[in-house]
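# Notes for the structure review
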Amino acid sequence: MRIRPAKFVHVVYRTRRFEEMLQWYKTVFGAKVQYQNSALAFLTYDDEHHRFAFANMAVLQPEGTETNKLGVIGVDHVAYTYASLRDLLETYVRLKERRILPYWCIHHGVTVSMYYADPDGNQMEFQVDSFGTNEETNAYMHGPHFSANPIGVEYDADVWLARLRAGVPASEFLTQHIDEPISPIRVAEMKV
Ligand SMILES: [Fe+2]
């Protein structure tokens, strides 16, 4: 049986109008800030831990100047949540057999995620929630671990898969035990 995502969950934008963008999404969607620093912001309008995130390119890539150029500014990725870590990793296996590989395997703390790019280079995140309840996720996003590392720690999907298949419980992987090293934000390599 084909595993499918359980739900579509969020979109992340790159912007050089950080404050203006946050204000617009607060006004239009009634969104509230879950977490914000100078480089990143996570907003939600319902019980999902984030529906929008914004990457402040003026901080992340200060040498750049483009305010409008699509591909530099605009949608960074969209995200789908899977029902379980097993579903996420079995999807990884199915896609790997078709030579479709993630360009970034990252434990974000709030989610365990794999990022893929479609043939046009559109980026998407396949994820599973780390916590069983929104209350736990919200608490984590407002706590010290998330502010210490709001990006996450990379992992090896093949190593995890082997351990999961050997009987290590999913909870062992879903709980982020370390905050470091902080991963760089990775993007798909653009095809020419
Ligand atoms: Fe995301």
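One can find the structure itself at the top, above this paragraph.
Summary of the structure given here. (Residues numbered from 1 in each chain as written. Predicted model: local features only at pLDDT ≥ 70, side-chain atom pairs only at ≥ 80, totals over all residues. Heavy atoms only, no water.)

Only His10 (NE2), His77 (NE2) and Glu125 (OE) from the protein reach the iron ion as donors, at distances of 1.9 to 2.2 Å. Positions of the donor residues of the iron ion along the chain correspond to the pattern H-x66-H-x47-E. Taken as a pair, His10 in strand β1 (residues 7-15) and Glu125 in strand β8 (residues 123-129) lie far apart in primary sequence, 115 residues in all. In terms of burial, His10 and Glu125 fall into one category: buried. (Donors = N, O, S within 2.8 Å, 3.2 Å for Na, K, Ca; no water. Helix = DSSP H or I, 4+ residues; strand = E, 2+ residues; numbered from the N terminus. Buried < 20%, exposed > 50% of the residue type's maximum accessible area, 1.4 Å probe, protein only.)

A few words now on the packing of helix α3 (residues 85-97) against helix α6 (residues 157-165). The interhelical angle for the contact between α3 and α6, taken along N-to-C directions, is 125 degrees, at an axis separation of 11 Å. By the angle between their axes, α3 is oblique relative to α6. α6 is crossed by α3, and the crossing has left-handed handedness. Of the residues in α6, those in contact with Leu85, Arg86, Leu89, Glu90, Tyr92, Val93 and Lys96 of α3 are Ala157, Asp158, Trp160, Leu161, Leu164 and Arg165. A class-by-class count of the residues in the contact of α3 with α6 yields eight nonpolar, no polar and five charged. (Axes fitted to C-alpha atoms, helices over the stretch in contact; angles between N-to-C directions. Parallel < 35°, antiparallel > 145°, perpendicular 65-115°, else oblique. Left-handed = near helix turned anticlockwise from the far one by under 90°. Contact = heavy atoms within 4.5 Å. Nonpolar A, V, L, I, M, F, W, Y, C, P; charged D, E, K, R; others polar.)

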